Amino acid sequence: MNFCYLGVGANLGDRRKNIILAVKKINQLPDTRIVKAAKIIETKPLGGPKTQTKFLNTVLKIKTKLKPRVLLRGLKKIERELGRKKTPQRYGPRPIDLDILFYADRIVNTRELVIPHPKIFQRGFVLGPLSELL
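Read on for an overview of the structure. (Residues numbered from 1 in each chain as written. Predicted model: local features only at pLDDT ≥ 70, side-chain atom pairs only at ≥ 80, totals over all residues. Heavy atoms only, no water.)

Focus on the overall build of the protein
Along its length, the protein carries three helices and seven strands. Shown N-terminal to C-terminal, the secondary structure of the protein runs as helices and strands in the order β-α-β-β-β-α-β-β-β-α. Taken over the C-alpha trace, the protein has a radius of gyration of 14 Å; the compact-globule value for 134 residues is 14 Å, and the two agree within 12%. By residue count, 41% of the 134 residues in the protein fall in the buried class. Sequence separation of at least 24 residues holds for 72% of the intrachain contacts in the protein that already meet a minimum separation of 6. Put simply, the protein has 29 plus and 10 minus side-chain charges, and the middle of one group is 2 Å from the middle of the other. (Helix = DSSP H or I, 4+ residues; strand = E, 2+ residues; numbered from the N terminus. Rg over C-alpha atoms; globule rule 2.2 N^0.38 Å. Buried < 20%, exposed > 50% of the residue type's maximum accessible area, 1.4 Å probe, protein only. Contact = heavy atoms within 4.5 Å. Lys, Arg positive; Asp, Glu negative; His and termini not counted. Charge placed at Lys NZ, Arg CZ, Asp CG, Glu CD.)

Have a look at this one:
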């Protein structure tokens, strides 16, 4: 089993409910279990439209046997199931956002996946909750 950290955020719809549903679905992925969740915090959006609402964010520590790309596919499926649509706009509003922050001691750098997440150190909404879990 590999320990991983996931960033979770939502700013559309019932934000808290979307996060709770995402957590349940992550826990249902094959060979994957949530070990611990940081408290949920509310933050202003970084980038994107200035009119979008605030985010609720948290970080999860999970154990998984899934390989990084398989885990990513599972997370993208959960995002779609919870209503996330692909749009050309970056950093726009979304019902759920799931990011792999760290995957064990792995470094991955492909077109579809970069681990560690390249913007961790620019995001207080990740660093605060992440520090609760380390």
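Concerning the environment of Val23
Inspection of the secondary structure assignment puts Val23 in helix H1 (residues 15-27). Sequence spacing of Val23 and Lys44 is 21 residues, and the spatial spacing of their C-alpha atoms is 22 Å. The contact partners of Val23, leaving out residues within four places of it in the chain, are Ile34 and Leu60.

What about the pairing of strand E5 (residues 97-103)?
The side chains of a regular strand alternate between the sheet's two faces. Burial of E5 is extensive: six of the seven residues sit out of reach of the surface. Summarising the sheet, strand E1 (residues 2-10) and E5 pair through six bridges and their orientation is antiparallel. Each residue of the ladder has a partner; that of Gly7, found in E5, is Asp99. (Pairing = 2+ DSSP bridges.)

Here's the deal with helix H2 (residues 68-81)
Compared with an ideal rise of 1.5 Å per residue, which puts 14 residues at 20 Å, H2 spans 20 Å between its outermost C-alpha atoms and is within 8% of the ideal. Inspection of H2 places Pro68, Leu71, Leu72, Gly74, Leu75, Ile78 and Glu79 among the buried residues, and these make up the whole buried set. Viewed end-on, H2 has its buried residues packed into an arc of 160°, placing them on one side of the element. More than 90 degrees from the buried face of H2, the exposed residues found are Arg73 and Arg80. On the buried face of H2, the contacting elements are E1, H1, strand E4 (55-64), E5, strand E6 (108-109) and strand E7 (114-115). (Expected span 1.5 Å × (residues − 1). Arc of directions from axis to C-beta.)

Some words on the nonpolar core
With 24 residues, the main nonpolar core has Leu6, Ile26, Leu71, Leu75, Ile96, Leu98 and Ile100 as its most contacted residues. Apart from residues no more than four positions distant in its own chain, Leu6 is found in contact with Ile26, Thr58, Val59, Leu60, Ile62, Leu71, Leu75, Asp99, Ile100 and Leu101. Counting residues in hydrophobic clusters, the runner-up holds eight residues, among them Ala38, Val59, Ile120 and Leu130. (Core = buried A, V, L, I, M, F, W, Y, C linked by side-chain atoms within 4.5 Å.)

It is worth stressing that arrangement in space is one thing and function is another; only the former is reported here.
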